[in-house]
Structures are given as C-alpha cells and as structure tokens.
Amino acid sequence: METINDWENPSLTNKNRLAPRAYFMGYESAELASTRSRELSRGFVQLSGPWQFRLFPGPRAVPSRVLSEYVAEWDTVEVPHLWQVDGYGSLAYTDEGFPFPVEQPLVPSDDPTGIYQRIVTMPSLCPTSRYVLRLDGVESYAEIYVNGVFVGMTKGSRLSAEFDVTDFLSEGENLFVVKVLQYSDGTYIEDQDMWWASGIFRDLYLMERPAVRLEDFCVRTHRVDGSAYVTLDVKTNGAARVEWGVSIPGEKFARTEVKDGHAEFVIEDARFWNPEDPFLYDMLITVFGPEGPSEFVPHRLGLAEVTIEGGHILLNGTYFKMRGVNRHDHDDHAGRAVGLARMRRDLELMKRHNINAVRTSHYANDPRFYELCDEYGIMVLAETDMESHGFENIGNIAMITDDPSWEAAYVDRIERLVMQERNHASIVIWSLGNESGYGCNIRAMYSRAKELDGRPVHYEEDRDAETVDIISTMYSRVSQMNDFGEHPSPKPRINCEYGHSMGNGPGGLSEYQEVFDRWDSIQGQFIWEWCDHGLAATTDDGRPYHKYGGDSGDYPNNGNFCIDGMLFPWQEPSPGLIEYKQVICPVKIAYDALPGELTVTNGRWFTTLDDVLITLETVVDGIPVTTQTLSPGAVKPGAHVVFPVRVEAAHTGETLLTVRVYTTTARAWCDPLYQIGVYQFPVALHPRPSMAAPATPALSVTEDKLTLTVSGASTSVVFSLVSGEISSWRAAGREVLASGICLGFWHPLIDNHQQEFDALWQPNFINVMQTSTRSVTWERVGAAVAVSVEQRIAPPVYAFGMRCRLVYTVFPSGRIDLGVNGTPYGDYHEIIPRIGVSFELPGEDRAVEWYGRGPGESYPDSLAANVIGRYASTVDDMFTPYVFPQDCGNHEQVRWVALRARHGHGLLVTRPTDAAKNPFSFSAWPYTCEDIDSARHASDLVRRDAVTVNINDKILGLGSNSWGSEVLDSYRIRFEKFSFALSLRPLLSADIEQALTQIEEG
Amino acid sequence: MHVFQSREQLDAELGTVRKWQRTGQALEASLMLAKAEAHSIGDSLVYWWQDAATLAAEDFVGHRRYLTVISPQDGALTVQVAPKMMLEPTEPYSDLTDRERFVGVADEVTIPAMAICAFDIDEAYRVVPGQSGAVVTIHVTVEGYSFPNK
C-alpha cells in the first residue's frame, strides 16, 4: 500500500501543534509588561538570525542524520528569509497557475527541501515552566526537531504555529532543526498571486510559560450610548485568581476580578477606537498563583464593536466607508520576509495618503502588523491564508473548495486567524480567502468564524453573498458599481479589488470614487495593490533593476504582472498613489466664484475638522499672488460649512484659486501642517492682449531641389522638400531642434493598455505606422512664410490611415506656428494612444519649466492630485522610473512649456492663441519612444544626449485594464478627424517673457 | 436592436461568446433573486429584475459601454427604440452611470414574453408607461475582443 506523505494529506493539518490562541506575551512584572517589548517578556529567546542551512532536492534526499547532527560546514543564512531570494533554488512567479502538474493533493517528488539548524543555548530551565517555540511564518510545510527528536509538524504558511518543546530541551546547548518543504497539499490553497518562494520567512522564537499562566483571552466591546461594556474571557493554567485592569495610558489601572474565567467592565464616557482617533487603553491581565502574581499580560485595548444594522456595517454604531488597499507582504530585498520597520512605514504611508483600510491579501500577516493597525488607525479586512485560484486553469476553480475531504484544511485556516487576532480593534471584517470558487468548505469556514467572533465575514466568490455577511465583487467597473448602488442588496457591499495599479496608472479613480461616495450601500473599496513585487537585482555590469516573472529562468511565468502596486518596490509612492490620496481626501472643498462661497465638507466618519487648516492661494498665470487661511473648526462628520471668499481676479491673465488642506496635528505618521489634499478652481480668464513689437526685417526664401530655407533677422529654418520636416532651425546662432517634428499616434505602451495593444493596436500595426510625404509647398502669407506638408500616416498591410496636413508658418520674429489636421480613411475607427507631435532637442536643453498641471505626471483620467501652476524640473527628473519602462511624465492642461539650457536659451511651445482655453499636454524624456518600448527593465535604458519632446493635442486616458476597467468613454480618443495648432518659439536667453508675449506679427 | 424569441435562439446565435453565455446564466438566475437587487457575473454583466412599471420613462436612455438586454417574464413589453443620432439629447453622457438621455420620436416594438431584446450601442430606448410584469434587465459589456477577467 502506498504511503500517504504528511505533506500530501489535507486532512492532516499538523502534528503536535498547540491549539491556536490569542497572540500575547507574558511578563514577570507589571513594569516589564508596560514596555510591551517582546524581548523583555518571560524567557523570550529570539531565534531569528543566523542558521545553518542546506537545500536538498527533495524530502527523500535529506539524510536522517542532519535532523540530529549539527553540520558546521553548511552555509549560514539570516532568518527570516526566503531561500530563493538568497540564491538557493529557483525563484518563480505566476499569477495563479501552479508551477507543477496539478494532481491534488500530490506535489512534485523533487520538492525543494531546506534544512535549518541552530544551536540554542538555554543556561537554565525552570522545571515548572513550559517552553514554547513559535514560528510566525514558514512556507509551506515544516517539521520541527529538537536534539534529534521530532517535535511536530505544521502547515499553513502565513499562520503562526506553536509547539511545546519543554520535554525535548536540556540545559546548555540544544540543536534546533527545522525541515521545510517548498510544496505541500497546503500549496494548493496558497496559490496567491506572488513569488513562489519558501523558507522561514517570519520570526521564530522561544517563550517561557510559567506553571501559573494565561492560556488565552478574548476581550470584547459592546457600546451603549457613550459607555463601553467590555467583557473579558480567559483560559488559565493553575491560576488562583485573575485580575483585569484597564486604564488610560499613563494613568492608574481600574481593576476588577475575573471570576470563573469571565469579567465585565463598564467604561463611562468611553473613548472608542476608530481609524481617525485610534485611541488605545492600556489593559493588563494579572494571573495569580498560590504564591502571588505569576504572570502579567499587557494588551492595547481599542474599544470597538462592529455590527451590521439596516444593511450597513457600523463601527461603534457609526456608519463608515473603507478607502483601502490590498497589501501583500513585500520587501524588494527580502520578498515576503518583511521586517517590522517596513510594515510600519507601509502603514505610515497609508495614513499619509488618506487610506483608512487594508485588506491583508491574501493571508494572515505577522501578528505585529495588526498591533500596528490598532496603533495607527487602519481598519483591517483580515483575510486568511487561502486561495486555490490555479484550479481555474483546469476548469473548476472550486474543485477542492467544494470537496469535503479538504474541509479540515480550510477551516483550520480561518480558526487560527480568528483565534489569534480577534482582540484587535482594527479588524472590522474577517475574510475567508480569495478566488477559490464557492462550496461547502466556504460555508464551513464561515460557521467556524462566526462561532469564534461576531464580526462580519467576507468572501468575494460567494458572489451573491448566499453565506457571508458582505456582498463583494472585484474589478466591477464604474457604471457597474453604480448599477449596484441603484439596485442595492440588503447586505452591505464592497469592491475588494479595483484600480489595478500595474505600471502607469490607474486612471479613472475619481469617477470610481464619485460612485462609491454616492451610495450608502457601498462601504468599501480596496485598490489592487499596495506595492510592486519587484526584487532588487543588478546586471553583470552593476546597473540596478528589479526582477519579475521570467527573470530567473522561470517558465511558465506571468512576467511583470506582479509589478502592479501603488508603491514602487523601493517603498516610495508612485504617481498612482499620489492621485489616490487626493481622490479620497476626506476634506472636500467646493468653490463657487460667482457668489464667492467656499464650502468645506467633512468627509470623515468619526472626527471633526478641528485639526484642519485651509490655505487659499490666488494664482495668476501660475504665480501665487495672495494667500489667506481658514480654520473650518468643529465641523461634524458629514456636515459642511460655508465661508464667504472673494477672490480678486487679475485684470489680465488667468486667475485660479488653489486650496490646500492641512492637518495641524502632529501624529506618528505626519508632522504638523501636513497637506492632506489640494483643490483648484477657475476664477477668471482675461487673455493678455497682443502687442506690436519692433519691426523685424522681412523673411527671405531660397529654394533648391532638396531644401527650402526661410531666413529672418535672427532665424534660419531649413525644410526638407523630400520629407517636409525641418532639417535645421537656427536661432541666435544655435540649433533649436535636434530632429524634425513628426506627427504621430503612438506612445510607449503602458501596462494598462496591454489588452488594447493585443486586440487592436498590434493586429492593426498602430505602433509601426509609416509616414509618407506626398507634397511640400510654400507661399508667403503677409509677412510670414507658410510651408505646407501633405502626409499620409498609415500602417503597413492595411488600407486605412490618416491623411494629414502640417502647415509651418514662419514669422519674421522667428516664431513658427504649426497647424495640423488629419482626416481618416478606411475602416479603423477605434481608440489610439494619442494625437500629437514629437521632436528632439539638443541635449543641453534639459531644464524644463511649464505652466500647467504639476508637479507630478498627469493624464486625462488621473489629474486630481496635480493642480495648475508654474513648475520647474529637469528632463531626467521628470522620467518616472516604472520597473517595466513605459510611457510616463505626461503633464496635462499645459499652457506653455519651455525646455532650455543652463543659460536660458532653448524652445518654448504654446498654442498660437488662448492656450488657457485650449491647453495641451507634454512629456520630455532622456530616451526615445523606441528606447522605452523596447526596454523590459530600467537597466535597459541608456540615457541619450538628445531630449525627446512629445506635445500631445490629445492623449488616451490610462484606465486600469491591465486587469480591470477599460478607459472610460470620456477619456477615449479615436482614430478620427482632428486639427490643432501649436506655436514654437525659440528662446534666445533667460528672458522667457519675450516668448510668452503675444506679439502682433506683421 | 435584436430580439431573440427564446433563450434557445440566443444560445444558438451567440452561445459561443462568453458574455452571451453569461447573459443566459443571468436570465436563469435573475428571478431567483430578490426584486431590484443587482448582481453580477464576472466582469461581463450586471443584472436584476423589476416591475415594468418602474422601468417606464419619459426619456429615451442610451449607453456607450454596456449593451442593455431586457427580457419581459410575465407578458409582452412595448418599447420605443431609435438610433441616438435621430434623437435630441436631454442629458449628457456620464461615465458614472454609462447613461445619456434623449427625447424624440421612435418606432414602437413589442417584445414577446420570455423573448430577449438586446439594444445596439448606437440606439436609445424607452419602456412605454402603463405596463406591468417582471422584466429582467442586463447590462452587458460592449467589450468583445478581450475579456480575461473571469
């Protein structure tokens, strides 16, 4: 009879693992307990650090002696880690496909197996204490040996496991061995979209548990008006009595006796926990033995009760919405072995970006993460470690989800999460897992979760919420969410994944938010996802880049699909996160210039605007001219206040009102006067009148067979009569351009347009259209010379294209106005990436100044965070370092842009007239479009001397269709008739006014 | 507009396309759900059922990103339908609702009970007031060339 391996037996979830319990530490005194330092807890031995390590090709290749004999010659690794990230075995990335043949519960026999060894010195052992080994994360199957004796086994990679090792320890040196298999039956329900990598990736440590001790506790809050009715249930060992104290931090504990394992406490005028005021009481459980106090267990108590009433989720009786993100554990140098500092910075960044909720997609986190969420004020949709997504590839995603033989494995995962973390105020919802279909095991998980805790339970693939408490979808589009809002379910609804943040994007967040905010039945949204999963690497010659699927020789793989976060791998915000911050800014501002009324609305759920300061800047042609401040005061949640605000409009020029919102309160995540949002409103537009300038000599024209030269006092422009392009443009003795000006419809592909590329653009060769110049003619128009170029821009193979005319009008002043129009022919009428022109400038013209949206990049459907102003940067700094290079650095609603050398000479581009009424967009790169399109990593890009400039009359919105919303209809540009005009003005010095002044050309 | 006299005809003509397969699934599932509760299948569609009387409107409604499919369940349903370009806009298009509204004169069409009517994306329609019975409404994505999301 064939042996059933423990790692291929889903009904066997562990051997000798202790029952799940609340995560806490016990201390020898109240003073030590008050530190809450793990290291100062009783008998704490940190086992993270150096371990001897060897990787074997499979479990059967492991010699039994290595479980009992220390091997000094082995490599030393630093735990926590993922061994593949450290160079052992192979990294692989797939979204959902299993990287081995699917024959559940079997896994490959060549199952990479790591053996970890460490000598742990125990100077003394208390004979009455128990010693517990705790592992907070081992992927995916672990056997524990102490001094050569098998202690136990655990599965459930992202769930903590405890083993009582007392009987195997001796005073002095002890050999701890952990045998880790990369794959097990558990792998079939740990198929989350992330790197396939394994090892001891979270802390492991020893704890001493005294004979008289707390085994477990559960604290719950029930709110009645302003009072908190708090109950405590404890399980103890050997306790004579138990005392429970609660206090405001730094004040004296109010104490009560715990009788028969239960106690109740009423806190009058309680300060309830919420994400905007995450107040935590100090709590202390003291366990007494016959000799007196034996153990002190601290807990930071947030008073929070989550209920569902009338179809709404309430926190302490108050309605709220979750403005959230999905977060994987990721560190670009350590993968899922995420340290406390990175977790803390993640949460600080969330708070700084107005995010109030996180979904722990798609597994339990390090227990300290939930503590940090309590502390910072982030609501948690606490998901457990469960996803069987890969079964979708064999036609039945629910294959094991609806198989009772897997029930134990499924239920084990929610039980361990809830038992461990149910004392956290920040957890508002439990989640059973992700993308695993629906079936009997989901129902069993739900029942077990409800037995253990009353909070709402979520699971997206119970699509109609037959079982769970919250109806949830992912990637539902804007209008679909509106349909849900107009036709609500009796159960509250969330969108658990949307805004796929792969590369440049997502676009369309403002429209999503309008719908989310419109309907009370929609109570949460979670961006996919928080951070790119790129792993830091360097090329052989030392150039840095970030790895994704396929970069480690892994096949099959899902390429850069894991580079889909709002944070770059190096934990800095991408433009998408900055946009999201503004879109979800909880202080809403509206301004009506006519009556002069500024309305401030409190979009918070729990707190007033007492801490908020608002500045009002009157901006004329991009320059702030006056500033005033407002304090909205104690505006209640959901309420608004109206202030009379008169803005003096400039007699000439464009007047805008820029409103910035600050919180004045210093917090753990921000300094005082931190900006939480910015808004802008038009006030007046009085175009500057044109004016006469000193007369300039008339233009001369010379023509030969190949070129046409138009010369003026300080300008000489040479047109090719073959291509119609400017082959030379000299002003004040310098070349203005480094290439001709090309009309085009393409820009480097972004991830969020990949599906359009695959289905539309590549089949129709939109990315390789060819320009054919049919004629070049010229004429004098008054004092100017107009050069007309007829072109056909069309793809190979097909019989459609665009017939275009470019008219360059050269003025005696040296300016060139460019009029462009196009008329399509043939049968392609679909969307295209852009309509605009591109050209190169000399490499010295790298200083960029513009009047338009900034300072960050913006696109038509992603521009809320960047208001109109006058900004300066450099070509190199404006290039956004997406891990997978793609179109970037666009700036919307630009009135003019100047690219100049150090001394100010260069080129200014604007509209011939009324640029404020008809702005354009631009980008400027140190690379060509082709360079960016062909690059797969940042290290593939080699900075060029020439600067590539793109001036876009129209550019397609971003959308988030790398997995989600197509570009909204209002942001689509199609291959259809167009016309636009630009004015190109050489800059001869640092004086930009000469180019901005509207001159009456003779 | 396209009127399929039965689910069988819909399946026969469009049943190889996933979004139309899902349209069939939605028709099957809709009446088991509570009235006026919208549900979805994948990212392809959102569906619900409601009384014909609550569907009736003065204006014509059109969409750009989602095709409207309606199926009267209890009796025939009379609608008016016309190309948008033949109508006068009364409410501009909104990305939030995927709706734009029109007024004008249009042909009247009666959809038999249990038939399935799919309006084209360049059409707007209105349900004529004064009718009763359950009507399933399905908003089906216009996307046809690429739809990987479940």
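Please read these numbers as outputs of a predicted model, since none were measured by experiment.

**Q** Where do I start with the packing of helix α1 (residues 7-14) of chain B against helix α2 (residues 18-30) of chain B in this structure?
**A** Each pair of packed helices can be summarised by the angle the axes make with each other and by the distance between the axes. Residues and elements named next belong to chain B. Interaxial distance between α1 and α2 falls to 9 Å at its minimum, and their mutual angle equals 165 degrees. With respect to α2, the element α1 is oriented roughly antiparallel. Crossing geometry of α1 relative to α2 is assigned as left-handed. Between α1, through R7, L10 and L14, and α2, the contact on the second element is made entirely by W20, T23, G24, Q25, L27 and E28. Here the residues of the contact of α1 with α2 sort into four nonpolar, three polar and two charged.

**Q** Looking at this structure, how should I read the interface of chain A and chain B?
**A** Think of interface size as the accessible area that goes away when the parts come together; that is how it is often given. Opposite the 42 residues of chain A that make contact, chain B presents 32 residues. A buried area of about 2900 Å², summed over both sides, lies between chain A and chain B, and 46% of it is on carbon and sulfur atoms. Of all residues in chain A, Q480(A), H487(A) and D969(A) give up the largest surface area on contact with chain B, accounting jointly for 20% of the area buried on that side. Counting across the chain A and chain B interface gives five salt bridges. Here R477(A) ties to D43(B) by a salt bridge, and the two come within 3.0 Å at their closest N and O atoms. Taken together, the links from chain A to chain B amount to 13 residue pairs in polar contact (both at pLDDT 80 or more). Considered class by class, the residues forming the side of chain A that touches chain B number 14 nonpolar, 10 polar and 18 charged.

**Q** So what exactly am I meant to see when it comes to the pattern of salt bridges here?
**A** Residues and elements named next belong to chain A. Following the criterion strictly, the structure yields 72 salt bridges over all chains and no others. With its nearest N and O atoms 2.9 Å apart, the salt bridge here joins D277 to R271. What makes D277 partly exposed here is its relative accessible area of 22%. R271 gets classed as partly exposed once you look at its relative accessible area, which sits at 40%. In this structure, R448 and E415 form a salt bridge, with 2.7 Å as the shortest nitrogen-oxygen distance. Remark: E415 occurs in helix α4 (residues 407-421) and R448 occurs in helix α5 (residues 440-452); sequence separation between them is 33 residues. For R448, a relative accessible area of 23% gives the class partly exposed. Each of E139, R158, E190, R336, D385 and R413 takes part in one network of salt bridges that share partners.

What counts and what doesn't
Residues numbered from 1 in each chain as written. Chains lettered and ligands numbered in written order. Predicted model: local features only at pLDDT ≥ 70, side-chain atom pairs only at ≥ 80, totals over all residues. Heavy atoms only, no water. Axes fitted to C-alpha atoms, helices over the stretch in contact; angles between N-to-C directions. Helix = DSSP H or I, 4+ residues; strand = E, 2+ residues; numbered from the N terminus. Parallel < 35°, antiparallel > 145°, perpendicular 65-115°, else oblique. Left-handed = near helix turned anticlockwise from the far one by under 90°. Contact = heavy atoms within 4.5 Å. Nonpolar A, V, L, I, M, F, W, Y, C, P; charged D, E, K, R; others polar. Buried area = accessible area lost by both parts, 1.4 Å probe. Salt bridge = Lys/Arg side-chain N within 4 Å of Asp/Glu carboxyl O. Polar contact = N/O pair within 3.5 Å; in protein donor to acceptor, adjacent residues only side chain to side chain. Buried < 20%, exposed > 50% of the residue type's maximum accessible area, 1.4 Å probe, protein only.

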